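# A look at the structure
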Amino acid sequence: MKEDDRLSKSDRLIMEIIWKQGETTSSAILKALQGVRDWSRHTVKTYLTRLIDKGFVGTKPVNQRKNLYYPLISKEAFLAESTSAFFHRNYDSLSHMVAGLLKRKNVSGQELEELEKLISEYKES
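Treat the numbers as computed from the prediction; the structure is a model and nothing was measured. (Residues numbered from 1 in each chain as written. Predicted model: local features only at pLDDT ≥ 70, side-chain atom pairs only at ≥ 80, totals over all residues. Heavy atoms only, no water.)

Counting 18 residues, the largest nonpolar core has I14, M15, I29 and F56 as its most contacted members. At the level of secondary structure, the elements contributing two or more residues to this core comprise α1 (9–21) and α3 (41–54). Examining the composition of this core, we find that five residues originate from one element, α1, more than from any other. (Core = buried A, V, L, I, M, F, W, Y, C linked by side-chain atoms within 4.5 Å. Buried < 20%, exposed > 50% of the residue type's maximum accessible area, 1.4 Å probe, protein only. Helix = DSSP H or I, 4+ residues; strand = E, 2+ residues; numbered from the N terminus.)

Set out below in structure tokens:
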């Protein structure tokens, strides 16, 4: 995923539906958006075209008027890449990032234990 391939809020909304439904149609996406966004069928298709162009969504025809849309990248892979890109854009090192988070948030003892456990597990592997 390139830097300019990040998802806008609207792109992300469409992707969340596709990730949840797997293969889906534009009409099913439009139905899932009811009560969330007041978009037309054309607007949904425009966002789908953008997501296809960015390499996030694939398509296969059902018939001449209907396509199925499916994710080309899993949500987990997207989140991992996005987190990595955010980290590299904003922090010099992992320790600086963790220190910044710890200073700004009340961290519970349980959260610190979980963090220590993750570090131990990583060292062992």
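Put simply, α1 and helix α4 (residues 75–90) touch, their axes get as near as 11 Å, and they point 145° apart. Residue-level inspection shows R12, E16 and W19 of α1 in contact with α4, the latter providing K75, F78 and L79. Split by residue class, the contact of α1 with α4 holds three nonpolar, no polar and three charged. (Axes fitted to C-alpha atoms, helices over the stretch in contact; angles between N-to-C directions. Contact = heavy atoms within 4.5 Å. Nonpolar A, V, L, I, M, F, W, Y, C, P; charged D, E, K, R; others polar.)

Our focus in this paragraph is the layout of surface pockets. In this structure, the largest pocket occupies an estimated 360 Å³ of space. Around the largest pocket sit 13 residues that line it, and V98, L101, L102, E111 and L115 are the ones nearest its centre. Elements with a contribution of two residues or more to the lining of the largest pocket: α5 (94–104) and α6 (109–124). The element contributing the most residues to the lining of the largest pocket is α6, with six residues. Size it by volume and the second largest pocket reaches roughly 150 Å³. As for the second largest pocket, its lining consists of T25, S26, S27, R41, K45, R65, K66, N67 and Y69. The set of elements that each furnish at least two residues to the lining of the second largest pocket consists of α2 (26–32), α3 and β2 (66–71). The element contributing the most residues to the lining of the second largest pocket is β2, with three residues. (1 Å grid on protein atoms, 1.4 Å probe; cavity = no way out; pocket = protein on both sides within 12 Å on 5 of 7 lines; lining within 4 Å. Points joined across faces, edges and corners; volume = space filled by probe spheres on them.)

In this section: the pairing of β2. The sheet contact formed by strand β1 (residues 57–63) and β2 spans six bridges and is antiparallel. Along β2, the bridge assignment pairs G58 with Y70. The hairpin formed by β1 and β2 contains two residues between the paired strands. (Pairing = 2+ DSSP bridges.)

For the rest of this paragraph, the subject is the environment of K20. With respect to the helices and strands, the residue K20 is situated in helix α1. Sequence spacing of K20 and F86 is 66 residues, and the spatial spacing of their C-alpha atoms is 24 Å.

In this section: the side chain of S26. Following the sequence through the fold, S26 ends up in helix α2. You can call S26 buried: its relative accessible area is 11%. Residues within four places of S26 in sequence aside, it is in contact with V44, K45, L48 and Y69.

Moving on, we come to the pattern of salt bridges. One pass over the structure, following the stated rule, counts six salt bridges. The partner of K54 in a salt bridge is D11, with the nearest N and O atoms 2.9 Å apart. With a gap of 43 residues between them, K54 in helix α3 and D11 in helix α1 connect regions that are remote in the sequence. For E121, the salt bridge is made with K117, and the minimal N-O distance between the two is 4.0 Å. You can see E121 and its partner K117 sitting in helix α6, four residues apart, about one turn around the helix. (Salt bridge = Lys/Arg side-chain N within 4 Å of Asp/Glu carboxyl O.)

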